Each structure stands twice: as structure tokens, then as C-alpha cells.
Amino acid sequence: MAGLSKVESYLIDMGVSYQETGENTFFLDDPSKGIPGIIVTIDEPIVVMRTKVMELPEKLNPELLENLLRLNTSDITHGAYGIDKKDIVLMDTLEYSTMDKGEFEAALDSIGLALSRHYGILGKFRVKA
């Protein structure tokens, strides 16, 4: 990709704080814009947005899993909760070639909104340090 990728140009246009952490990978952490620690990776033909929600408790609680599934179907506009190794993550994918700035921004907003709205629901299942 010559010059800026669509993702990087959208981030600049939106005024979002980010760091390029690798080839085609950006770390977004801009709490003032409701964007908490989201990794965006261009892996053509898709763009993957992903953030860690919390560690998966060692002893799985069926209520936690049921809550995640219910939130996936009832309260997330873009993306879904999932489990990756020992983490609960929230992620979304967009098609790079057809993605526009509005779609990109909506996906980021959806992740930030879900995290803030679901904190009370999921927070009680957090592993205590």
C-alpha cells in the first residue's frame, strides 16, 4: 500500500490518538473520544478491530457466558464478544475495499459504547487481582 492506508487517513481525519505498532496495525487509545485500547489491523481483504474486555475467569460461570451471548444478539450494533485464549474480547470486522469513513467510525463507536454500557453487567465477573 503506497502512502497512507484508508484506516490511517480516517484516524487522522477523526482526530483519534493512535500509534502504529506494526505493519498495518494501529493501537487506538483515546478515552476523550470513547475509544479505549482498540487494536485495528488491516489484513486484506478485511479490517479487524479488537479490544480486550477482561480476563476469562478460571472457573467459567454459565451466567457470564449467557450474558455475553445475549449481549451479542440484543445490544451490539457492530461486532461481537468472543473468547481468545484466556481473554474475553470484543471485535468487529469490516471489508477493506468497500469500507468508508462512516462505517469505520460507526464500528469504533459501537465498540466504545458497548464497553461502557456493558461494564456493569460484565464487571461483576472480573477476576479479582
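What counts and how
- Residues numbered from 1 in each chain as written.
- Predicted model: local features only at pLDDT ≥ 70, side-chain atom pairs only at ≥ 80, totals over all residues.
- Heavy atoms only, no water.
- Helix = DSSP H or I, 4+ residues; strand = E, 2+ residues; numbered from the N terminus.
- Buried < 20%, exposed > 50% of the residue type's maximum accessible area, 1.4 Å probe, protein only.
- Lys, Arg positive; Asp, Glu negative; His and termini not counted.
- Salt bridge = Lys/Arg side-chain N within 4 Å of Asp/Glu carboxyl O.
- Phe/Tyr/Trp six-rings, centres within 6.5 Å; stacked < 30°, edge-to-face > 60°.

Chemist: Describe the side chain of Glu8, and please don't skip the residues or the numbers.
Modeler: With respect to the secondary-structure elements, Glu8 resides in helix H1 (residues 6-14). Buried charged residue Glu8 carries no salt bridge. Nearest counter-charge: Lys6, at 14 Å.

Chemist: I'd love a proper account of the packing of aromatic side chains, names of residues and values included.
Modeler: Per the counting criterion, the structure on display carries two aromatic pairs. Relative to Phe104, the ring of Tyr10 has its centre 5.7 Å away and its plane inclined at 50 degrees; by these criteria the two rings are tilted. With Tyr10 in helix H1 and Phe104 in helix H3 (residues 101-123), the pair connects residues that are 94 residues apart, well separated along the chain. Among the residues examined, Tyr10 registers a relative accessible area of 11% and is labelled buried. A residue is classified by how much of its surface remains accessible, and Phe104, at 0% relative accessible area, is buried. Note on Tyr18 and Phe26: the rings are 5.8 Å apart at their centroids and 75 degrees apart in plane angle, and the pair reads as edge-to-face. Classification of Tyr18 by relative accessible area gives partly exposed; the value is 25%.

Chemist: Help me get a handle on the pattern of salt bridges, residues and values and all.
Modeler: Per the counting criterion, the structure on display carries five salt bridges. Between Asp84 and Arg50 there is a salt bridge, with the nearest N and O atoms lying 2.2 Å from each other. Of this pair, Asp84 sits in strand E5 (residues 80-84) while Arg50 is found in strand E4 (residues 46-55), placing the two residues 34 residues apart along the sequence.

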